[in-house]
10 protein chains.
Amino acid sequence: ILNYEVEKSKLNDSNHFRELLEVFDNPSPTRNFTIQHHCPEFTSVCPKTGQPDYGTIIFTYVPDKICVELKSLKMYLQRFRNEGIFYEAVTNRIMDDFLAVVKPRQATVESRWTPRGGLNSNIIVQYPDVPLG
Amino acid sequence: ILNYEVEKSKLNDSNHFRELLEVFDNPSPTRNFTIQHHCPEFTSVCPKTGQPDYGTIIFTYVPDKICVELKSLKMYLQRFRNEGIFYEAVTNRIMDDFLAVVKPRQATVESRWTPRGGLNSNIIVQYPDVPLG
Amino acid sequence: ILNYEVEKSKLNDSNHFRELLEVFDNPSPTRNFTIQHHCPEFTSVCPKTGQPDYGTIIFTYVPDKICVELKSLKMYLQRFRNEGIFYEAVTNRIMDDFLAVVKPRQATVESRWTPRGGLNSNIIVQYPDVPLG
Amino acid sequence: ILNYEVEKSKLNDSNHFRELLEVFDNPSPTRNFTIQHHCPEFTSVCPKTGQPDYGTIIFTYVPDKICVELKSLKMYLQRFRNEGIFYEAVTNRIMDDFLAVVKPRQATVESRWTPRGGLNSNIIVQYPDVPLG
Amino acid sequence: ILNYEVEKSKLNDSNHFRELLEVFDNPSPTRNFTIQHHCPEFTSVCPKTGQPDYGTIIFTYVPDKICVELKSLKMYLQRFRNEGIFYEAVTNRIMDDFLAVVKPRQATVESRWTPRGGLNSNIIVQYPDVPLG
Amino acid sequence: ILNYEVEKSKLNDSNHFRELLEVFDNPSPTRNFTIQHHCPEFTSVCPKTGQPDYGTIIFTYVPDKICVELKSLKMYLQRFRNEGIFYEAVTNRIMDDFLAVVKPRQATVESRWTPRGGLNSNIIVQYPDVPLG
Amino acid sequence: ILNYEVEKSKLNDSNHFRELLEVFDNPSPTRNFTIQHHCPEFTSVCPKTGQPDYGTIIFTYVPDKICVELKSLKMYLQRFRNEGIFYEAVTNRIMDDFLAVVKPRQATVESRWTPRGGLNSNIIVQYPDVPLG
Amino acid sequence: ILNYEVEKSKLNDSNHFRELLEVFDNPSPTRNFTIQHHCPEFTSVCPKTGQPDYGTIIFTYVPDKICVELKSLKMYLQRFRNEGIFYEAVTNRIMDDFLAVVKPRQATVESRWTPRGGLNSNIIVQYPDVPLG
Amino acid sequence: ILNYEVEKSKLNDSNHFRELLEVFDNPSPTRNFTIQHHCPEFTSVCPKTGQPDYGTIIFTYVPDKICVELKSLKMYLQRFRNEGIFYEAVTNRIMDDFLAVVKPRQATVESRWTPRGGLNSNIIVQYPDVPLG
Amino acid sequence: ILNYEVEKSKLNDSNHFRELLEVFDNPSPTRNFTIQHHCPEFTSVCPKTGQPDYGTIIFTYVPDKICVELKSLKMYLQRFRNEGIFYEAVTNRIMDDFLAVVKPRQATVESRWTPRGGLNSNIIVQYPDVPLG
Ligand SMILES: [Ca+2]
Ligand SMILES: [Ca+2]
Ligand SMILES: [Ca+2]
Ligand SMILES: [Ca+2]
Ligand SMILES: [Ca+2]
Ligand SMILES: [Ca+2]
Ligand SMILES: [Ca+2]
Ligand SMILES: [Ca+2]
Ligand SMILES: [Ca+2]
Ligand SMILES: [Ca+2]
Ligand SMILES: [Ca+2]
Ligand SMILES: [Ca+2]
Ligand SMILES: [Ca+2]
Ligand SMILES: [Ca+2]
Ligand SMILES: [Ca+2]
Ligand SMILES: [Ca+2]
């Protein structure tokens, strides 16, 4: 069982993670264009079982003044490698970090997970919030 | 032929099944985000022929205060393994149980069944109810 | 060449076919839920060439008071095995029979045919009728 | 290089082509139903290079009083086999011929072409015309 | 490492690239029809690493008075072969060039890139600009 | 239930079926080349249930003096449409008919069937007979 | 957790299972032909966890004097539904039962299982035994 | 119906076709390496029906002193566009032409045809000839 | 950059890893049957870049006296999560551990890796060693 | 048209290319194991047309004393980006370079190219040379 408890206090400090994200100037800020990044090599740790979880994180956003730099996005996602966190929580936390740093006009974060116990899950978070019918 | 009649009276008591479902606090209740669980290992028994049916159950929902816990969802679905129940009835009953326990803002339950007699069926139930044109 | 002319007068009596369809009570009539049946083993006969045609019939409907029983749907579709009828006509006739017996709130019947002369066709019929823009 | 110039004057007379299209009475004219024909064996000749082009033509339409007969549609499309004509022009010309003969309530003609010079193209023409936002 | 700096000043002069695009008269200007070109053999150079990037560029547009000629589109895209430019910038620059020369009624330019560092990206630019909800 | 008993005595006379097969001279008899025909529209009737079966028949053979003519092969296979016969028997009977008429140097007949009761079957017959290790 | 212990003593009596298998006379015993049955709806129970396992069983055999009857094969496989048995043991036990009843000239039994703990397994058993290099 | 009879006498003169094939020196004649060309845009005419046939021709060969030049191979295959010839005959004739001009150490010519009357065929010719068991 | 250097001395002690592997008695030791385990959630760390690598490990073996237990195989593979080791070395080391503990009659270990720098690799190790032609 | 003639004399000096290849010690030289590298981002220039060609290069080899280092393999393949060379020649030249530097026990180099003029090609070179039947 992995020792995902290591440095738990520091890891739960989300600011510590998000400062890895680097940005660059939107090359076409007068347009509402869309950027999508597929990140199929995401892994974190299930807090209940201590076993690793594996998934794909997909960012789809309309940038405002800045865009996220790809290599820094990779380094940011790797910080979850030994982090104990549930599917629903990690997807919302990644959205919180993304919004705080990149400040997009619109964004979706989707996580798609490999099967556990014969079930597989997806989580989809959107900004701005979607009103229900 | 499987003896799916065993304990029929108790099985038809739906509260008995749904109490297997466990929940946890929605980690991001201020957002309308979406959770999807694919459960491809569902099996029940056809009440007419006594033969097993096989299908996939897909839950797609916007949680309100609570989310369903994955392992308990698996245990809940396994309770139908020796239950005699038709496609249309079991899909609606799963939705009833899900609504009663998880109380989501929005939910869809879809069942997709393997072929029987050269035909294969899907059932889709939505909450809140969809008005027709 | 198949003798699809046999009993032509009787076969053209559509009531003769549709009485094969059996129904059961909708287990959840207060909801507008959707049922889909894929029937990939349909065959009829081309009236022009006397050659068999092969296709898939897909029913998608919102039941009202009753649902169609699967085995009777199979027996009904088999009645077209030696029936001489064109793609467009058979798809509309199946919809007519389905509406007359099952009386759904909403229905689509789609037929998808294997290639003939290097071309392959699909026909889609909807109820209630779709107004054009 | 193919001699696609043969009988060019006659070939450019579009009425000459479209008179190959045969029709039959719509078996269900009170409904707005949809017919789709996939024709993956289309070939014409590039007027610039004299080389053959290969593509799929897809008709999707809501018939009014008449439907197009399949074998005549095949014979009509074969008339383009040695015809020198560009992607955009042939797709519009097929739509013109189809509208003139079949007079549908609604129609789409789509052509999908195999790669040339590492690029592959699709053309989509709709009737009635689509207003732009 | 490729010498993508060669003639950088000239390459950054976008007019120099776009004059490669040739056009022809729209054969059906009274219709709003759609043309799509898939260009899966695009390559440019990452300005940060000097390494080649590979992607597919997809043009989808409604022509106004003129259409883009396919071979010239290929030659235009090849001009980026040794050009140092980021994903987001090149997709917007291709749209700028396309709008300037082809003046379409509507257009989308999408780029889909092969994986780098385990991540793969898509960029979608639309004209006219899409208002956000 | 289909009346597959009709003319049973005549149908069981296999010579009656195989005389539908027409042949033409092998255009290259000095070579051992291979011909393969895929026939995905085969249907016969299950003698036990009276229900139709659906499958694909695949012929792979090295012709000797003659080849089978395609249209006659289609007409021959259609003769099984209302014939009551099991998977294993029909595959062997088709091989017997093929060997008797076409006299190939080498042949394989394979049948692949759609699911029945959740199981699907393939039968493979070879000529000359395959010795077992 | 399923009560797979029920009637354990009787279930472990393999003769009790295999007597469900029915056979019929090989219609072509002078040939070495091959029969393949795919059974994608197999389920048993893991003896360690009490959780259901799901898999596909594939029989490939050269019959000698008799063939296995399909419906009885289905009923036989259903007997494992509540049986506690490991992947490796059940595949070998199915081969033992098959050999004892059907006495084929040659046979392969393959089981392919859905993922457990992120791993998925296949087991392949052959008769007669395969000598190792 | 296409006038494939035009210049029949000249077309049947196979030398007239094969002289379109151009060759270049094998760049590595001391090795037995393999070259494969997939040609998915082949079309000829059925001599019986006058209707076009469509297929893919695949060349796989070990060159000796020379290799076939790709553009000339394309021009050679286009010569069959209006040629009336059966599947089996055209595949053998292409092999004859290829052997006569390219003189390879080893060669396979395979043709794969689109469906006609619900059946689709492949022809495989090999050089040197394959002895039968 | 991950701190994969942690406990490097202990991690390089391969015995420390392999003692996680648990075994059970081969249920059918008189047969040479085959077991295959697909493990698509493998991750280790590149010693050169400190970046995580992701791959699938596939075990295919003929057991002798014992079989590997699945859950222990999972725990064993997880030990490489923070281990710095190259593709070729880790595949051979896993084979060494597997042979030392499971002592199979025959075994293959294959690793398939996700792309790095636009290239993706597979490594295949076999036991007993394969003599080269 | 790309100026692929630049530095032609130097580029044709193959030693100049192959010295980019770096190697490391085979971690398991006592085994005959297999390494496969897929390189889908290869591009060179057609010497006849001056147009870029695109393909995938696949290396499959049994290392002897040394293995090829992945990043250097990437840099080596990039050297062909502006090199004018035919399919057959470049595949053999890559094999020559690979054999000269890596000295494997066994090797295959395969190139698979995107379509040109509606045809697509693969080239397969093996070491040691394959004797023909
Ligand atoms: Ca920062
Ligand atoms: Ca978990
Ligand atoms: Ca049922
Ligand atoms: Ca009735
Ligand atoms: Ca017809
Ligand atoms: Ca063209
Ligand atoms: Ca210009
Ligand atoms: Ca980049
Ligand atoms: Ca005859
Ligand atoms: Ca019995
Ligand atoms: Ca288990
Ligand atoms: Ca023909
Ligand atoms: Ca141990
Ligand atoms: Ca690495
Ligand atoms: Ca060097
Ligand atoms: Ca070329």
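Parameters at a glance
Residues numbered from 1 in each chain as written. Chains lettered and ligands numbered in written order. Predicted model: local features only at pLDDT ≥ 70, side-chain atom pairs only at ≥ 80, totals over all residues. Heavy atoms only, no water. Phe/Tyr/Trp six-rings, centres within 6.5 Å; stacked < 30°, edge-to-face > 60°. Helix = DSSP H or I, 4+ residues; strand = E, 2+ residues; numbered from the N terminus. Buried < 20%, exposed > 50% of the residue type's maximum accessible area, 1.4 Å probe, protein only. Donors = N, O, S within 2.8 Å, 3.2 Å for Na, K, Ca; no water. Least-squares fit on C-alpha atoms with pLDDT ≥ 70 in both. Salt bridge = Lys/Arg side-chain N within 4 Å of Asp/Glu carboxyl O. Pairing = 2+ DSSP bridges.

**A few points about the packing of aromatic side chains**
And then number 1: This model, assessed by the stated rule, comprises 80 aromatic pairs over all chains.
And then number 2: Here Phe86(B) and Phe24(C) contribute two aromatic rings whose centre-to-centre distance is 6.1 Å and whose plane-to-plane angle is 25°, an arrangement assigned as stacked. In this pair, Phe86(B) is assigned in the loop between helix 3 (70-78) and helix 4 (87-102) and Phe24(C) in strand 1 (residues 23-25), connecting two distinct chains.
And then number 3: Accessibility expressed as a relative area gives 40% for Phe86(B), which makes it partly exposed.
And then number 4: Between Phe42(D) and Phe80(D) the ring centres are 5.6 Å apart and the planes differ by 50°, which places this aromatic pair in the tilted class. Of this pair, Phe42(D) sits in strand 2 (residues 34-45) while Phe80(D) sits in the loop between helix 3 (70-78) and helix 4 (87-102), and the two are 38 residues apart along the sequence.

**Concerning the coordination of the calcium ion (ligand 10)**
Ideal coordination angles are 109.5 degrees for a metal with four donors arranged tetrahedrally and 90 or 180 degrees for a metal with six donors arranged octahedrally.
Residue and element names in this part refer to chain G.
And then number 1: Binding of the calcium ion (ligand 10) to the protein goes through Glu19 (O) and Glu22 (OE), at separations of 2.3 to 3.1 Å.
And then number 2: With relative accessibility at 56%, the residue Glu19 sits in the exposed group.
And then number 3: Exposure remark for Glu22: the relative accessible area of 44% places this residue in the partly exposed category.

**A short note on the relation of the copies chain G and chain F**
And then number 1: When chain G is fitted onto chain F, the two copies agree to an RMSD of 0.0 Å after a turn of 72° and an axial shift of 0.0 Å. Such values leave the two copies arranged in the relation of a five-fold axis. Closest to the rotation axis within chain G is the C-alpha of Gly133(G), separated from it by 13 Å.

**Section: the pattern of salt bridges**
And then number 1: Taken as a whole, this structure holds 80 salt bridges over all chains when the rule is applied.
And then number 2: Note that Arg18(D) is salt-bridged to Asp97(D), the shortest N-O span being 2.8 Å. Highlighted residues: Arg18(D) in helix 2 (residues 14-18) and Asp97(D) in helix 4, separated in sequence by 79 residues.
And then number 3: Using a relative accessible area of 21% as the deciding quantity, one classes Arg18(D) as partly exposed.
And then number 4: The salt bridge involving Asp64(I) is made with Arg105(I); its shortest N-O contact spans 2.9 Å. Here Asp64(I) is found in the loop between strand 3 (52-62) and strand 4 (66-68), whereas its partner Arg105(I) is found in the loop between helix 4 (87-102) and strand 5 (106-113), with 41 residues between them in sequence.
And then number 5: Asp64(I) sits in the partly exposed class, given a relative accessible area of 23%.

**Overview of the pairing of strand 2 of chain D**
And then number 1: Among the 12 residues in strand 2 of chain D, 10 count as buried, and that is most of the element.
And then number 2: Relative to strand 2 of chain D, strand 6 (residues 120-127) of chain C runs antiparallel, the two being bridged by 5 bridges. Residue pairing in the sheet places Asn120(C) in a bridge with His38(D) of strand 2 of chain D.
And then number 3: In this structure, strand 2 of chain D lies alongside strand 3 (residues 52-62) of chain D, joined through 9 bridges in antiparallel fashion. Bridge assignment links Thr43(D) to a residue of strand 3 of chain D, and that residue is Tyr54(D).
And then number 4: Connecting strand 2 of chain D to the antiparallel partner strand 3 of chain D that follows it, the hairpin turn spans 6 residues, and Gly50(D) within it adopts a positive phi of roughly 70°.

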